[in-house]
Amino acid sequence: MTPMEYDYLRKLLKERSGLVLSSDKQYLVESRLLPIARKSGLTGLGELVQKIKTPGTEALIVEVVEAMTTNESFFFRDKIPFDHFREAIMPSLVAARAKQRRVRIWCAAASTGQEPYSLAMCLKEMAGQISGWRVEIIATDLSHEVLEKAKAGIYSQFEVQRGLPIQLLVKYFTQIGETWQIAPEIRSMVQYRPFNLLSDFGQLGIFDVVYCRNVLIYFDQKSRKRVIDMFYERLVPGGFLFLGHSESLLNISTAFELVHLSEDLVYRKPLLSSPVRKGEHG
């Protein structure tokens, strides 16, 4: 693949997904796209680039973009954000939403489902505290392929050993041969939808909690700001935004309050923000 062909792919990926690749990431592109080239009967990435430049190859372009934007995920990743969700965020929301008895959560880059299912298991363990509540988890991702895997809820032995406490594995998973499937009662708690973070957020409604962890590091500054501004619009006053450990709103937004928890921090939309218009919550 020539430098010009690599630059073409970089531009395509940025336009379609917001993903920004530096000039030294060609090895990553090759490792992820060579299988697609071979499956399409092409000899290499040079031919793949020429192919997607021709009309009528939208399906191939989608496949290329999805291959490059599939990010690693595992259960209870970094542990602390889930401890805080269960011990601090949900109790505060239960108190604040006592009249509505409704909470909406958005996992904005759900990948293969480990993050939303981790939240669903947290909520299931809190069943006594939220009995009679309507709790929705909306999980979105750009890739249709990873969403199909997420919906099935089937994971390898390696995947369930990464971060998942053994007691939750025993309680909520069934072994099927060499794989494990998460229980239907947990799967039914999550609604999966394809969604591009560069598109219009309005279709998703309003949320109390947004998880968008380890995603914005791949975006350029302009795209980060746009996404964060949209998160702000989609959160109710007092709603919470979780980012990854290596991500912050420094030089992006001053609209959020910084909430310091025991071992981490989370962003909150101020309670004095402009009120949500009637009918917008979901």
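Residues numbered from 1 in each chain as written. Predicted model: local features only at pLDDT ≥ 70, side-chain atom pairs only at ≥ 80, totals over all residues. Heavy atoms only, no water.

1. Some details on the overall build of the protein chain
Each helix and strand counted, the protein chain has eleven helices and ten strands in total. Taken against the 2.2 N^0.38 rule, which gives 19 Å for 282 residues, the C-alpha radius of gyration of the protein chain at 20 Å falls within 12% of a compact globule. Principal-axis analysis of the C-alpha atoms places the extent of the protein chain at approximately 60 × 50 × 35 Å. Counting only contacts in the protein chain whose residues sit at least 6 apart along the sequence, the fraction spanning at least 24 positions is 75%. Within the protein chain, one finds 36 positive and 32 negative side-chain charges whose respective centroids are separated by 6 Å. (Helix = DSSP H or I, 4+ residues; strand = E, 2+ residues; numbered from the N terminus. Rg over C-alpha atoms; globule rule 2.2 N^0.38 Å. Contact = heavy atoms within 4.5 Å. Lys, Arg positive; Asp, Glu negative; His and termini not counted. Charge placed at Lys NZ, Arg CZ, Asp CG, Glu CD.)

2. Some thoughts on the side chain of Arg 104
Position of Arg 104 among the secondary structure elements: in strand β1 (residues 102-107). Arg 104 gets classed as buried once you look at its relative accessible area, which sits at 2%. Looking at Arg 104, its side chain comes within polar contact range of the side chain of Glu 136, at 3.2 Å. Within the structure, Arg 104 has its side chain in polar contact with the backbone oxygen of Ile 206 (distance 2.9 Å). (Buried < 20%, exposed > 50% of the residue type's maximum accessible area, 1.4 Å probe, protein only. Polar contact = N/O pair within 3.5 Å; in protein donor to acceptor, adjacent residues only side chain to side chain.)

3. So, the nonpolar core
Within the largest apolar cluster, 45 residues are counted, with the highest numbers of intra-cluster contacts made by Phe 75, Phe 85, Ile 89, Met 90, Met 121, Leu 164 and Phe 173. Every residue in contact with Phe 85, bar those within four places of it in the chain, is listed here: Met 90, Pro 91, Ile 105, Leu 119, Cys 122, Leu 123 and Tyr 211. Trp 106, Val 215, Leu 249 and Ile 252 belong to the second largest nonpolar core, which has 24 residues in total. (Core = buried A, V, L, I, M, F, W, Y, C linked by side-chain atoms within 4.5 Å.)

4. So, the pairing of strand β8 (residues 235-243)
The buried count for β8 comes to nine of nine residues, which makes it a mostly enclosed element. In the classification by handedness, the crossover that spans strand β7 (residues 207-212), the intervening helix α11 (residues 221-234) and the parallel β8 is right-handed. As paired strands, β8 and strand β10 (residues 265-268) are joined by two bridges and run antiparallel to one another. What sits directly across from Leu 241, in β10, is Tyr 267. (Right-handed = clockwise from strand over helix to strand, strands pointing away. Pairing = 2+ DSSP bridges.)

5. Observations regarding helix α4 (residues 58-69)
Taking 1.5 Å of rise per residue, the twelve residues of α4 would be expected to cover 16 Å, and the 16 Å separating its terminal C-alpha atoms lies within 8% of that figure. Restricting attention to buried positions, one finds in α4 the residues Leu 60, Ile 61, Val 64, Val 65, Glu 66, Ala 67, Met 68 and Thr 69. Looking at the buried positions of α4, the neighbouring elements they touch are α1 (3-17), α2 (26-39), α3 (45-52) and α7 (144-152). (Expected span 1.5 Å × (residues − 1).)

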